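# Observations on the three-dimensional arrangement
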Amino acid sequence: MKKYFIYVIIAATAIVTSCKNDESVGITIQPQEDEIIVDSDTFIIESENYYVPAISAQADSMILGEFYNETYGTTKAELLVQIAPPIDYRFPEAKYKPEPDSLVLMMYYNSWVGSAYAPLEFSIYEINKQPIDYNTQYLSNLNIGDFTDSTILMGKRLMTSIDLSRADSLEEDTAIMPYVRYKFDQVQLERFFNMPQEVYKDEEAFLDEFKGLYITTRYGSSTLICFNQITMYLYYHYTYQTNGKDTVVNTSIIYPSNKEVRQLNKFTHPNIEEVTACNDSINFIKSAAGIYPKIRIPIGEMSKRIYSKIGDKQLNVNAAEIIIEDIKYDTTNTYLGKPFYLLALTTDQFDDFLKYNTMPSATDTTAVIASYSTSHKGYKLDLAYFITKHLRNEIVEEDDVIEMILMPVLAETSTSTETSTIANIKPLTQLAVSTIRSGKNEYSPMRLKILYNGF
């Protein structure tokens, strides 16, 4: 940023200096009103911790578990999961003597936060109250009690992030995806095997019979697991005769938790405000639905100061950057990573994005994305276009501010032969944290540096 400012100022100085050459009369005949004014300013940015009530409960990944950190507090993630039936499925006729073998829940994952070996107990309950409505936009602070009274326990078991019984095979074959396997008891096996044939006519009929699973944890605060697939399997066999001999056929029914049904994530952060209320010289970033810094751009003060220098000339912002400085506030915990992308979104667009993943168009200039830079040890927020539009096209009062939320996001990129662009942005649901310097930090307050010219 400093180098960029210096290069632009040198270039501007060179232009003016060249005009003083005796062979050029440009400086002598140029009216004063045509003079290009180049200047720079720095503005302190007010900031505070904003405790996010919720994000969308619909996520591509399904987070389960609990994790505690003395700096950022506790994060607990629970799941409500519907499973889909095979439409129009038919069991073999009674003459083939179909018999049930087992009912198994497979939960696949490829990442986790926390300890690989700390025990975590998860419990599976049946959703036995109101069903999950496919067309409702649920938020991550949803009330579990609306869906289940947690009286029908379908099963529970202890696990670790790395299955110790398969640790060697997982290390040898990286293509094997880790999973949690739970085998239901005979009661649940008989129930699914003896479901009426009509429940397989469509998803609605099946979900009337079985509304879904509530999966939570009751023990352990060292692990959050990110599941990318949850599937139930009903294994059974039947027998038919060939040339007077019995032939046994082993088969199964697959009930996936796919896009045809709903999977909801509930996130809670108990006592988060008390844990993070240490001082006002720093701000915290924590996903998902945890803490997002709120910043205030002093657009009125900027307008007054800038136009007092350039008068009625046309404003052009060459550079306007906020360096969001990350500090190593917690060096004792190696489990927590930093969010790679931050989305700066104006507060009037914030709610819609959280609920519906609705992004404003690029011409609205209400959203700016920043990525983590190891050279800056933080995030560089480029607001040049944003500031230019607001200062050129709006009438602002001296005390006007623009409030923006800095939220950690998952950005999916689209790469061509020449460029790489961001194709999709979603709120980050995995646990990631950072501690940044606030606008009140004595050592290095959050600030916006702007280089501009009037012509």
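Residues numbered from 1 in each chain as written. Predicted model: local features only at pLDDT ≥ 70, side-chain atom pairs only at ≥ 80, totals over all residues. Heavy atoms only, no water.

### Description of empty space enclosed by the protein
As enumerated under the stated definition, the model contains two cavities of 30 Å³ or more in all. If you add up the space inside the largest cavity, you get close to 50 Å³. Along its surface, the largest cavity is lined by Ile-63, Ser-111, Trp-112, Val-113, Leu-224, Ile-225, Cys-226, Gln-430 and Leu-431. If you list the elements that add at least two residues to the lining of the largest cavity, you get strand 5 (99–114) and strand 10 (222–242). Among the residues forming the lining of the largest cavity, the class breakdown is seven nonpolar, two polar and no charged. Taken as a whole, the second largest cavity holds about 30 Å³ of empty space. (1 Å grid on protein atoms, 1.4 Å probe; cavity = no way out; pocket = protein on both sides within 12 Å on 5 of 7 lines; lining within 4 Å. Points joined across faces, edges and corners; volume = space filled by probe spheres on them. Helix = DSSP H or I, 4+ residues; strand = E, 2+ residues; numbered from the N terminus. Nonpolar A, V, L, I, M, F, W, Y, C, P; charged D, E, K, R; others polar.)

### What to know about the nonpolar core
Phe-192 and Phe-227 are the most contacted members of the largest nonpolar core, which totals 40 residues. The next biggest cluster of nonpolar side chains, apart from the first, holds 34 residues, and it includes Ile-285, Ile-297, Ile-450 and Tyr-452. (Core = buried A, V, L, I, M, F, W, Y, C linked by side-chain atoms within 4.5 Å. Buried < 20%, exposed > 50% of the residue type's maximum accessible area, 1.4 Å probe, protein only.)

### Considerations on the pairing of strand 3 (residues 62–69)
Counting buried residues in strand 3 gives seven out of eight residues, a clear majority hidden from the surface. Of the pairings in the sheet, the one linking strand 3 to strand 10 comprises six bridges and is antiparallel in character. Residue pairing across strands places Glu-66 opposite Thr-223, the latter belonging to strand 10. Both strand 3 and strand 4 (residues 73–81) contribute to a ladder of five bridges, which runs antiparallel. By the bridge assignment for strand 4, Asn-69 is matched with Gly-73. (Pairing = 2+ DSSP bridges.)

### Quick notes on unusual backbone geometry
With an omega dihedral of 0 degrees, the bond running from Ser-287 to Ala-288 counts as a cis peptide bond. Along the chain, Ala-288 falls in the loop between strand 13 (282–287) and strand 14 (291–297). With phi around 65 degrees, Asp-88 is a residue other than glycine that occupies positive phi space. In this structure, Asp-88 sits in the loop between strand 4 and strand 5. Taking relative accessible area as the criterion, Asp-88 reaches 57% and is therefore assigned exposed.

### Observations concerning the pattern of salt bridges
Overall, the coordinates contain 14 salt bridges when judged by the stated rule. Close ionic contact of Arg-191 with Glu-126 constitutes a salt bridge, the shortest N to O distance being 2.7 Å. One end of the pair, Arg-191, is in helix 4 (residues 186–193); the other, Glu-126, is in strand 6 (residues 120–126), and 65 residues separate them in sequence. Across the pair Glu-301 and Arg-305 runs a salt bridge whose closest N-O atoms are separated by 2.8 Å. Remark: Arg-305 and Glu-301 occur in helix 7 (residues 299–310); sequence separation between them is four residues, near one turn of the helix. Connected through shared salt-bridge partners, Asp-39, Asp-41, Glu-301, Arg-305 and Lys-309 make up one network. (Salt bridge = Lys/Arg side-chain N within 4 Å of Asp/Glu carboxyl O.)

### Topic: helix 8 (residues 347–356)
Listed as buried for helix 8 are Phe-350, Phe-353 and Leu-354. Along the axis of helix 8, the buried positions cluster into a sector of 95 degrees, meaning they face one direction only. (Arc of directions from axis to C-beta.)

### Side note on a negative patch on the surface
A surface patch of like charges, here negative, comprises Glu-198, Glu-204, Asp-208 and Glu-209. Counting through the fold element by element, Glu-198 comes out in the loop between helix 4 and helix 5 (203–209). With relative accessibility at 52%, the residue Glu-198 sits in the exposed group. (Patch = residues over 30% accessible without salt bridge, like charges linked within 9 Å, V, L, I, M, F, W, Y side chains within 5 Å. Areas by Shrake-Rupley, 256 points an atom, 1.4 Å probe, with all protein chains shown as cover. Lys, Arg positive; Asp, Glu negative; His and termini not counted. Charge placed at Lys NZ, Arg CZ, Asp CG, Glu CD.)

### Some points on helix 7
Here helix 7 contains 12 residues, and its C-alpha end-to-end distance of 16 Å stays within 8% of the 16 Å for a straight helix at 1.5 Å per residue. Every buried residue of helix 7 is accounted for by Ile-299, Gly-300, Met-302, Ser-303, Ile-306 and Ile-310. Projection of helix 7 onto a plane perpendicular to its axis shows the buried side chains occupying an angular sector of 155 degrees, all on one side. More than 90 degrees from the buried face of helix 7, the exposed residues found are Lys-304 and Ser-308. (Expected span 1.5 Å × (residues − 1).)

### A few points about the packing of aromatic side chains
If you walk through the whole model with that rule in mind, you get 23 aromatic pairs. Each ring, one from Tyr-89 and one from Tyr-200, has its centre 6.1 Å from the other, and the planes form 55 degrees; the classification is tilted. Taken as a pair, Tyr-89 in the loop between strand 4 and strand 5 and Tyr-200 in the loop between helix 4 and helix 5 lie far apart in primary sequence, 111 residues in all. Residue classification places Tyr-200 among the buried positions, given a relative accessible area of 1%. Relative to Trp-112, the ring of Tyr-109 has its centre 6.3 Å away and its plane inclined at 75 degrees; by these criteria the two rings are edge-to-face. Since its relative accessible area comes to 1%, Tyr-109 is described here as buried. Taking relative accessible area as the criterion, Trp-112 reaches 30% and is therefore assigned partly exposed. We note Arg-262 situated over the ring of Tyr-134; from NZ or CZ to the ring centre the distance is 5.5 Å. (Phe/Tyr/Trp six-rings, centres within 6.5 Å; stacked < 30°, edge-to-face > 60°. Lys NZ or Arg CZ within 6 Å of the ring centre and 35° of its normal.)

### Quick notes on the packing of helix 7 against helix 9 (residues 384–393)
Viewed as axis vectors pointing N to C, helix 7 and helix 9 meet at an angle of 70 degrees, and their least axial separation amounts to 11 Å. Classified by the angle between their axes, helix 7 and helix 9 sit roughly perpendicular to one another. Contacts between helix 7 and helix 9 involve Ile-299, Met-302, Ser-303, Ile-306 and Tyr-307 from the former and Ile-387, His-390, Leu-391 and Arg-392 from the latter. For the contact of helix 7 with helix 9, the per-class residue count stands at six nonpolar, two polar and one charged. (Axes fitted to C-alpha atoms, helices over the stretch in contact; angles between N-to-C directions. Parallel < 35°, antiparallel > 145°, perpendicular 65-115°, else oblique. Contact = heavy atoms within 4.5 Å.)

### Here's the deal with the layout of surface pockets
Looking at the largest pocket, its volume works out to about 560 Å³. Lining the largest pocket are 25 residues, with Gln-58, Ala-59, Asp-60, Lys-259 and Lys-426 positioned closest to its centre. Every element with two or more residues in the lining of the largest pocket is listed here: helix 8 and strand 20 (420–427). Along the lines of polarity and charge, the residues of the lining of the largest pocket split into nine nonpolar, 11 polar and five charged.

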